[in-house]
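One letter stands for each residue in the lines below.
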Amino acid sequence: MSGRLAVIGLGPGDPRYLTAEAADALAEADALYGYGPYLDRIPVRKGQSRHPSDNREEAVRAGEALRRAAHGGRVAVVSGGDPGVFAMAAAICEQIETGPDAWRALDVVVVPGITAMLAVAARIGAPLGHDFCALSLSDNLKPWPLIERRLDAAAAAGFVIALYNPMSRTRPWQFGNAIDRLRHHLPPGTPVIFGRAVGRPDERVELTTLGAAGAPVDMATLVIVGTRDTRVIERPGRSPLVYTPRAAAEVSA
Ligand code: SAH
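Worth saying up front: this structure is predicted, and the values here are computed from it rather than measured.

1. Regarding the sheet that holds strand β8 (residues 160–164)
Right, on to step 1. Taken in spatial order, the five strands of this open sheet run β7-β8-β11-β9-β10, and their pairing is mixed. Both edges of this open sheet fall to β7 (132–136) and β10 (204–209), since each of them pairs with a single strand only. Strand-to-strand twist across the sheet, computed as the mean angle between neighbouring axes with direction ignored, equals 20 degrees.
Right, on to step 2. With five bridges joining them, β7 and β8 adopt parallel strand pairing. Following the sheet pairing, Ser136 is matched in β8 by Tyr164.
Right, on to step 3. Together, β7 and β8 form the strand contacts of helix α6 (residues 144–156), whose direction differs from that of β7 by roughly 165 degrees.

Okay, structure coming up:
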């Protein structure tokens, strides 16, 4: 019997952001693999085993899940947000590409989820209303000079930039360095949004500027840096709307 492996996006935290497809795929699984806090979000079902692991053990987790599926299991691997955005779907593909032939015969399904940058953007208006890119600031799997090069290119080309993984205990200086770098390309008044734990009870969304940005960030924060075109609409008695217009002129140097 050939097994099945579903890589499932749970969304940013609010259970209402879990898609119906993801809920079905979770219900069909006989074994769940993922980072412990993500597994904790899933209601316990009888007969379903749970295999929590640390968030830095993605390759090992992917291998274990694939081995179980190859033995005929119905396996679900979960990610926060979307599984294809800095998450488990790519880790699974890496293992399939280099693993035994049997893993290529598996029924593999990727179930999309709402990624953090979309949830944060929706809270404040439409900052991703025109061309944008997403960058992980983690230099665990890529060298820091490459991140600097991508930040320079993205800012110079006029992309709104969503920054994932801005900081962790083992990466304390990278975020400050990235913001300093962006200040060489963009005016101090450029809107910057800090979205922390969006969709969870301790959610906080803050609007600041590139000149003032220094807010403490952590692993639960997603940062959106606007462009020269990104606008803030102040409103009486309501929080401002931030948006990037749908039309853009030539990038000014
Ligand atoms: N697959 C995930 C991203 C994993 S990388 C997704 O699609 O959202 C982990 C990073 O995602 C965090 O460091 C943070 O930058 C961001 N993130 C994940 N969940 C978040 C949330 N609820 N609120 C704000 N940022 C979040």
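Back to the write-up after that little detour.
2. Description of the environment of Val223
Right, on to step 1. For Val223, the position within the fold is in strand β11 (residues 221–225).
Right, on to step 2. For Val223, a relative accessible area of 0% puts it in the buried group.
Right, on to step 3. In this structure, the C-alpha to C-alpha distance between Val223 and Cys133, residues 90 residues apart in sequence, is 12 Å.
Right, on to step 4. Excluding residues that lie within four positions of it along the chain, Val223 makes contacts with Ile161, Ala162, Leu163, Pro166, Phe175, Val192, Ile193, Phe194 and Val217.

3. Considerations on the side chain of Ser53
Right, on to step 1. Inspection of the secondary structure puts Ser53 in strand β3 (residues 49–53).
Right, on to step 2. Of the polar contacts made by the side chain of Ser53, one reaches the side chain of Arg61; its length is 2.7 Å.
Right, on to step 3. Residues contacting Ser53, with those up to four places away along its chain left out, are Gly34, Tyr35, Gly36 and Arg61.

4. Overview of the environment of Trp144
Right, on to step 1. Mapping Trp144 onto the fold places it in helix α6.
Right, on to step 2. In this view, Trp144 contacts Leu137, Asp139, Trp173, Gln174, Asn177 and Ala178; residues no more than four positions away in its chain are not counted.
Right, on to step 3. Here Glu148 takes part through its side chain, which lies 2.9 Å from a polar atom of the side chain of Trp144.

5. Some points on the sheet that holds strand β1 (residues 4–9)
Right, on to step 1. If you trace the five strands from one edge of the open sheet to the other, you get β3-β2-β4-β1-β5, paired in parallel fashion. With partners counted over all chains shown, the strands left at the sheet margins are β3 and β5 (107–111), one partner each. Strand-to-strand twist of the sheet, defined as the mean angle between neighbouring strand axes without regard to direction, takes the value 15 degrees.
Right, on to step 2. Bridge analysis of β1 against strand β4 (residues 74–79) gives six bridges, and the strand direction is parallel. When the bridges of β4 are listed, Gly9 appears paired with Ser79.
Right, on to step 3. In this fold helix α3 (residues 58–70) packs onto β1, β2 (31–35), β3 and β4, with an angle of close to 170 degrees to the strand it touches most, β2.

6. Quick notes on the site of the ligand
Right, on to step 1. Asp82, Val85, Thr115, Met219 and Thr221 are the nearest of the 20 residues found near the ligand.
Right, on to step 2. With respect to the ligand, the backbone of Ala116 contributes an N or O atom lying 2.9 Å from an oxygen atom.
Right, on to step 3. Here a nitrogen atom of the ligand and a backbone polar atom of Val198 are 2.9 Å apart.
Right, on to step 4. Starting from 540 Å² of accessible surface for the ligand in isolation, the protein chains cover 94%.
Right, on to step 5. Grouping the amino acids of the shell around the ligand by side-chain chemistry returns twelve nonpolar, six polar and two charged.

7. Section: the side chain of Thr227
Right, on to step 1. When you line up the elements, Thr227 lands in the loop between β11 and β12 (231–235).
Right, on to step 2. By relative accessible area, which is 6% here, Thr227 ends up buried.
Right, on to step 3. In this structure the side chain of Thr227 is engaged in a polar contact, spanning 3.0 Å, whose partner is the backbone nitrogen of Asp229.
Right, on to step 4. Residue contacts for Thr227: discarding those within four places in its chain leaves Gly158, Phe159, Val160, Leu186, Thr190, Pro191 and Thr244.

Basis of the calculations
- Residues numbered from 1 in each chain as written.
- Predicted model: local features only at pLDDT ≥ 70, side-chain atom pairs only at ≥ 80, totals over all residues.
- Heavy atoms only, no water.
- Pairing = 2+ DSSP bridges.
- Helix = DSSP H or I, 4+ residues; strand = E, 2+ residues; numbered from the N terminus.
- Axes fitted to C-alpha atoms, helices over the stretch in contact; angles between N-to-C directions.
- Contact = heavy atoms within 4.5 Å.
- Buried < 20%, exposed > 50% of the residue type's maximum accessible area, 1.4 Å probe, protein only.
- Polar contact = N/O pair within 3.5 Å; in protein donor to acceptor, adjacent residues only side chain to side chain.
- Near = heavy atom within 4 Å.
- Areas by Shrake-Rupley, 256 points an atom, 1.4 Å probe, with all protein chains shown as cover.
- Nonpolar A, V, L, I, M, F, W, Y, C, P; charged D, E, K, R; others polar.

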